[in-house]
Amino acid sequence: MAKTVKKADRAIMIALQIDNVDVRFGGLQVLTMCRLSIEAGEKRAIIGPNGAGKTTLFNVISGIIMPSAGKVLSFDQDITRSPAHVRAMHGLARTFQITNLFNNLSVLENIILGLQALTSTKYIFYRTTSSFTELIDNAVSLLRTWGLEDKKDRPVRSLSHGEQRQLEIILALASRPKILLLDEPTQGLSTAETALVVPMVRSLDPSTTVLFIEHDMDVAFQMADKITVLYYGSVLAEGTEDEIRGNPNVAEVYLGLEGDNA
Ligand SMILES: Nc1ncnc2c1ncn2[C@@H]1O[C@H](COP(=O)(O)OP(=O)(O)OP(=O)(O)O)[C@@H](O)[C@H]1O
């Protein structure tokens, strides 16, 4: 049973808990006693200046980096030392800063490959016609849900950056994750392209916990229920848009950097 916390008159389930995590690269301490707790279904933004440790934190959560101290718990299960594929089986999915798509394949082929990788039959070189039809139907259905069905036969390289980001999120959603990590989902996108991704994140299943890194504070406020500000590897502030906007420490170390670092 996942940990529950009583808050007012409702019980809160904690989807992800980062407990005093330290990460060191040689002599460089990148995360220091980093602590955060994310409720199931919450949409949480991680913001902070360059080098604050945001990507490192994502790498710790997704199992790419092992912390030198501290714990990572997912629905009360200690996953600190679990390999990435075990975390995926526990319902964790992630997108990366750099696009991970097959650019010369079609949109549909990318989704089919993603779905195929999730099935235990991926190493079988022949499959029944009906199972292949089911795979295609599932892929088309995912694209339909997210409004990309009309682009299914186009090579990925012909999509806009915004559509490619959408496709990456769709691929991450194919595993029906309980916790979805989005590493800078709007990075490098124009305002119009960002406008494709923001409503998509907002309309994800309310039961899906989403943690995302975002450089643009306004975009973070649009997509998140709550924001965590990382600074020099520790949590400087946490709260709603009003709480973060009204926090003098955030104004000093983060908002003060806007323009050259945001
Ligand atoms: N594998 C590594 N080896 C050595 N140092 C690293 C490694 N990965 C990250 N760092 C350093 O750790 C610090 C935090 O990096 P990280 O990428 O986590 O920050 P960030 O907040 O995501 O930054 P940005 O906003 O620029 O993406 C930086 O000083 C970075 O140079």
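These figures come from a predicted structure and were not determined experimentally.

Asks: Talk me through the overall build of the protein; I want residue IDs and the actual numbers.
Replies: The number of helices and strands found in the protein is nine helices and eleven strands. Across the 262 residues that make up the protein, the buried fraction comes to 48%. Considering only contacts in the protein between residues 6 or more positions apart, those separated by 24 or more positions represent 67%. In the form shown here, the protein has an accessible surface area of approximately 13,100 Å², with 53% of it arising from carbon and sulfur atoms.

Asks: Tell me about the nonpolar core, and name the residues and values.
Replies: Ile111, Leu143, Leu167, Ile169, Ile170, Leu180 and Ile227 are the most contacted members of the largest nonpolar core, which totals 45 residues. Of all hydrophobic cores here, the second largest spans 25 residues; its members include Leu57, Val60, Val72 and Ile213.

Asks: Please set out the layout of surface pockets residue by residue, giving values where relevant.
Replies: Looking at the largest pocket, its volume works out to about 910 Å³. Every residue lining the largest pocket is counted, 27 residues in all, and those nearest its centre are Ala93, Arg94, Leu118, Leu171 and Ala172. Going through the elements one at a time, α2 (84-89), β7 (92-95), α3 (107-118) and α5 (161-173) are the ones with two or more residues in the lining of the largest pocket. Partitioning the lining of the largest pocket into residue classes produces 16 nonpolar, seven polar and four charged. Two domains each donate at least three residues to the lining of the largest pocket, and these are domain 1 (1-91 + 178-262) and domain 2 (100-176).

Asks: Residues and numbers for the site of the ligand, please.
Replies: Residues in close proximity to the ligand total 13 residues, the closest being Gly51, Gly53, Lys54, Thr55 and Thr56. At 3.1 Å from an oxygen atom of the ligand is found a side-chain nitrogen or oxygen belonging to Asn50. Note that an oxygen atom of the ligand is positioned 2.9 Å from one of the backbone N or O atoms of Gly53. If you list the elements that add at least two residues to the shell around the ligand, you get β3 (28-39) and α1 (54-62). Of the residues that constitute the shell around the ligand, the class distribution is five nonpolar, six polar and two charged.

Asks: Quick rundown of α1? Include the residues and the values.
Replies: Helical periodicity: at 3.6 residues per turn, an α-helix aligns residues three or four positions apart in one direction. For α1, the tally of buried residues reaches eight of nine residues, placing the bulk of the element in the interior. Where α1 is concerned, the buried positions are Lys54, Thr56, Leu57, Phe58, Asn59, Val60, Ile61 and Ser62.

Asks: Can you tell me about the sheet that holds strand β4 (residues 43-47), naming the residues and giving the values?
Replies: The strand order β7-β8-β9-β4-β10-β11 describes an open sheet built from six strands, whose pairing is mixed. Every other strand in the sheet has two partners, leaving β7 and β11 (234-239) as the edge strands with one partner each. Strand-to-strand twist across the sheet, computed as the mean angle between neighbouring axes with direction ignored, equals 20 degrees. Pairing of β7 with strand β8 (residues 179-183), which is carried by four bridges, proceeds in the parallel orientation. By the bridge assignment, Arg94 is partnered in β8 with Leu181.

Asks: Describe empty space enclosed by the protein, listing the residues and the values that go with them.
Replies: Applying the stated rule across the entire model yields one cavity of 30 Å³ or more. The volume enclosed by the largest cavity comes to roughly 40 Å³. Lining the largest cavity are Ser74, Phe75, Ile79, Arg87, His90, Gly91, Leu92, Lys178 and Ile179. Considered class by class, the residues forming the lining of the largest cavity number four nonpolar, three polar and two charged.

Criteria and thresholds
- Residues numbered from 1 in each chain as written.
- Predicted model: local features only at pLDDT ≥ 70, side-chain atom pairs only at ≥ 80, totals over all residues.
- Heavy atoms only, no water.
- Helix = DSSP H or I, 4+ residues; strand = E, 2+ residues; numbered from the N terminus.
- Buried < 20%, exposed > 50% of the residue type's maximum accessible area, 1.4 Å probe, protein only.
- Contact = heavy atoms within 4.5 Å.
- Areas by Shrake-Rupley, 256 points an atom, 1.4 Å probe, with all protein chains shown as cover.
- Core = buried A, V, L, I, M, F, W, Y, C linked by side-chain atoms within 4.5 Å.
- 1 Å grid on protein atoms, 1.4 Å probe; cavity = no way out; pocket = protein on both sides within 12 Å on 5 of 7 lines; lining within 4 Å.
- Points joined across faces, edges and corners; volume = space filled by probe spheres on them.
- Nonpolar A, V, L, I, M, F, W, Y, C, P; charged D, E, K, R; others polar.
- Domains from an automatic or database assignment.
- Near = heavy atom within 4 Å.
- Polar contact = N/O pair within 3.5 Å; in protein donor to acceptor, adjacent residues only side chain to side chain.
- Pairing = 2+ DSSP bridges.
- Axes fitted to C-alpha atoms, helices over the stretch in contact; angles between N-to-C directions.

That is the geometry; function is a separate question.
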